[in-house]
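Okay, here's what each chain looks like letter by letter:
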Amino acid sequence: MISTSLSRRTVLRTALGGATLLAMPASLHAAPLVPELALYGPPAGPSVTLAHAVATNLFAGIAATTSLTTWRNPDELRAGLTSGAIQLSIVPVQAAANLYNRGYPIRLANVMTNGLLYVASADASIADISDLRGRTVAVPFRGDTPEILFNRLLAHRGLAPSADLDITYAGSPIEAMQLLLAGRVEAALTAEPSTSAAVIAGAQAGKDIRRSIDLQAAWGAMTGAAPILPQAGLAITAPFLDAHGNAVSALLSAIESATPEVLAHPATAAAHATEALGMPAPLLAASVPYSNLVARPAKEARADVERMLSAMSGPDMNAINGKLPDSGFYL
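Computed from a predicted structure; not experimentally measured.

## Let's talk about the side chain of Thr136
Move 1: Positionally, Thr136 belongs in strand S7 (residues 136-140).
Move 2: At 2.8 Å, the side chain of Thr136 forms a polar contact with the backbone nitrogen of Glu186.

Here is the structure:
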């Protein structure tokens, strides 16, 4: 016969063990939703948000380990996405829409900046798009989002890039900024943080380089809407969604929590991002107020996204393969 009685020592041991389990944080005994969270982004403002979220353990309840890697140009990003090496990345919205319309399984989860493009110059007479007629201008990433947006603004003011401007194409916003500092161009199309770098380096060299044209404001004036360019957001590919779709809500919540912290404490966030982005923390901190950082769910931002895509792509919409993406694009 098996005894059903328990000794006093056994009862105490069981009770204490149960109390210990109840006192343990859930994260210590709950399995992570994702074994490894591999995030990617450009060396720009939205990646500061991701770096801050990583450093402050906002993804700790989602993944056992988290990493952030920066891509340096759109070609590197596209290669990573199409090869499957990149499954979670901040992506130019236009590039994501183009891939989606071409049948690539990518979806937009949120918008992380309402625009971070500027025309920088030391010439005080440059204050509007129309003032660029006859000027030498450095333009980065030929054929990609910055140039497409810039060209639409030029066309709106009746300017043709090849006929009315003297354009020097640059490999990156940083290179465009360097051409401006070297005096090889009168103005440069730049994106934060390269715009802030131009302002800071210009001051050190005795040049009064300023943000002469805010492209977000120019875009709002052209479209008759708010000065919003939903330029980039977190995109997620089908393999990640198929394997870890249950982690997406928590992932987006972590980004939503990180964004106001970055805006309130840019120096702290910049210190968290300096290694991943390969840029000095003071520069990154200076760029945050001009990066228009947000964390808007893609479905909520859809009207602004479609307004931007329609205007930047023109009537034939070649930049997004001929049409606006359907509702399946917005996660």
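## Some points on the sheet that holds strand S10 (residues 210-214)
Working definition: the strands of a sheet are paired by backbone hydrogen bonds and lie parallel or antiparallel to each other.
Move 1: Within the open sheet, the 5 strands sit side by side as S8-S7-S9-S6-S10. Their pairing is mixed. Single-partner strands in this sheet number two, and they are strand S8 (166-170) and S10. Recorded for the sheet is a direction-independent mean angle of 30 degrees between the axes of neighbouring strands.
Move 2: Where strand S6 (residues 117-121) lies against S10, 4 bridges are found, and the strand directions are antiparallel. Bridge assignment links Tyr118 to a residue of S10, and that residue is Asp214.
Move 3: Here helix H6 (residues 145-156) sits on the sheet and contacts S6, S7, S8 and strand S9 (187-191); the angle it forms with S7, its principal contact strand, is near 135 degrees.
Move 4: Sitting on the sheet, helix H8 (residues 173-181) touches S6, S7, S8 and S9, and the angle it makes with S9 is about 150 degrees.

## A look at the packing of aromatic side chains
Move 1: For the structure on display, the rule yields 3 aromatic pairs.
Move 2: For the ring pair Phe329 and Tyr330, a centre distance of 5.1 Å and an interplane angle of 75 degrees mean the geometry is edge-to-face. Neither Phe329 nor Tyr330 differs from the other in exposure class; each is buried.
Move 3: Put simply, the rings of Tyr100, Phe329 and Tyr330 touch in pairs and so form one group of aromatic residues.
Move 4: One Lys or Arg, Arg142, reaches over the ring of Tyr169 and ends 4.0 Å from the middle of that ring.
Move 5: Over the ring of Tyr290 we find Arg211, and its NZ or CZ is 3.5 Å from the ring centre.

## A few points about the packing of helix H3 (residues 45-55) against helix H12 (residues 248-264)
Move 1: Relative orientation of the contacting elements H3 and H12 amounts to 105 degrees, with a least axis distance of 9 Å. Taken as axis vectors, H3 and H12 run roughly perpendicular relative to one another. Facing H3, whose interface residues are Val48, Thr49, Leu50, His52 and Ala53, H12 presents Ile255, Ala258, Thr259, Glu261 and Val262.
Move 2: Here the residues of the contact of H3 with H12 sort into 6 nonpolar, 3 polar and 1 charged.

Conventions adopted
- Residues numbered from 1 in each chain as written.
- Predicted model: local features only at pLDDT ≥ 70, side-chain atom pairs only at ≥ 80, totals over all residues.
- Heavy atoms only, no water.
- Helix = DSSP H or I, 4+ residues; strand = E, 2+ residues; numbered from the N terminus.
- Polar contact = N/O pair within 3.5 Å; in protein donor to acceptor, adjacent residues only side chain to side chain.
- Pairing = 2+ DSSP bridges.
- Axes fitted to C-alpha atoms, helices over the stretch in contact; angles between N-to-C directions.
- Contact = heavy atoms within 4.5 Å.
- Phe/Tyr/Trp six-rings, centres within 6.5 Å; stacked < 30°, edge-to-face > 60°.
- Buried < 20%, exposed > 50% of the residue type's maximum accessible area, 1.4 Å probe, protein only.
- Lys NZ or Arg CZ within 6 Å of the ring centre and 35° of its normal.
- Parallel < 35°, antiparallel > 145°, perpendicular 65-115°, else oblique.
- Nonpolar A, V, L, I, M, F, W, Y, C, P; charged D, E, K, R; others polar.

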